[in-house]
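Take a look at the letters that make up each chain.
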Amino acid sequence: VQLVESGGGLVQAGGSLRLSCVASGLYDMGWFRQAPGKEREFVAFIAWSGDTTDYADSVLGRFRISRDNGKNMVYLQMNSLTPEDTAVYYCAAGPKVTPGTMSTAAFYDYWGQGTQVTVSS
């Protein structure tokens, strides 16, 4: 399974970015992020069918995860960005993820290389 993220960059606070992740198949997918000196944290999840999504409390109402299975793409639309959103963002595939484990990085088997998101104040 290969995952490749894109769409990161530098944006001012209050701005928006859309991250993309292309996968080599259809899987339950998650977005995680890791800021310097911090542990990798869950951001959002979407089931392979697209009918189930979940978000971290810190991004709820600002971020939206979606997918286009015809293109094997998963997206993370990020709005109202703050400097606290600055991190490397990773997409991950979790064929064995369940509703109880979707927010836990250890349950995802495959990871992309990450894309840097920097939000300036």
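So, how was this worked out
Residues numbered from 1 in each chain as written. Predicted model: local features only at pLDDT ≥ 70, side-chain atom pairs only at ≥ 80, totals over all residues. Heavy atoms only, no water. Pairing = 2+ DSSP bridges. Helix = DSSP H or I, 4+ residues; strand = E, 2+ residues; numbered from the N terminus. Buried < 20%, exposed > 50% of the residue type's maximum accessible area, 1.4 Å probe, protein only. Contact = heavy atoms within 4.5 Å. Disulfide = S-S within 2.5 Å. Axes fitted to C-alpha atoms, helices over the stretch in contact; angles between N-to-C directions. Salt bridge = Lys/Arg side-chain N within 4 Å of Asp/Glu carboxyl O.

**Q** Could you give me a rundown of the pairing of strand S7 (residues 63–68), with the residues and numbers involved?
**A** Relative to strand S8 (residues 73–78), S7 runs antiparallel, the two sharing six bridges. Directly across from Arg-64, in S8, lies its bridge partner Gln-77. The turn linking S7 back onto S8 is made up of four residues, and Asn-72 within it adopts a positive phi angle of 55°.

**Q** I'd like to hear about the environment of Ala-35, residue by residue, with values.
**A** Topologically, Ala-35 is positioned in the loop between strand S4 (29–34) and strand S5 (41–46). Relative accessible area serves as the criterion here: at 18%, Ala-35 is assigned to the buried category. Between the C-alpha atom of Ala-35 and that of Asp-51, which follows or precedes it by 16 residues, the distance is 29 Å. Apart from the residues within four sequence positions on either side, Ala-35 is in contact with Thr-86 and Ala-87.

**Q** Provide a residue-level description of the state of the cysteines, including the pertinent values.
**A** Per the counting criterion, the structure on display carries one disulfide. With a sulfur-sulfur separation of 2.0 Å, Cys-21 is cross-linked through a disulfide to Cys-91. Measuring the twist about the S-S bond at about 55°, one finds the Cys-21-Cys-91 disulfide to be right-handed. Here the residue Cys-21 occupies a position in strand S3 (residues 17–23), and Cys-91 occupies one in strand S9 (residues 87–93), the gap between them amounting to 70 residues. Accessibility classification places Cys-21 together with Cys-91 in one group, the buried group.

**Q** With reference to specific residues and values, describe the sheet that holds strand S1 (residues 3–6).
**A** The four strands are arranged S1-S3-S8-S7 in an open sheet whose pairing can be described as antiparallel. Among the strands making up the open sheet, the edge pair consists of S1 and S7. If you compare each strand with its neighbour and ignore which way they point, the axes differ by 15° on average. As judged from the six bridges shared by S3 and S8, these two strands associate in the antiparallel manner. Following the sheet pairing, Leu-17 is matched in S8 by Met-78.

**Q** Summarise the pattern of salt bridges; cite the residues concerned and give the values.
**A** Scanning the model with the defined rule gives three salt bridges in all. Glu-41 is paired through a salt bridge with Arg-33; the nearest N and O atoms lie 2.6 Å apart. Put simply, Arg-33 and Asp-85 hold a salt bridge, and the shortest N to O gap is 2.9 Å. Of this pair, Arg-33 sits in strand S4 while Asp-85 sits in the loop between S8 and S9, and the two are 52 residues apart along the sequence. Across the pair, Asp-85 and Arg-33 agree in class, each one buried. Bridged by salt links that share partners, the residues Arg-33, Glu-41, Arg-62 and Asp-85 form one connected network.

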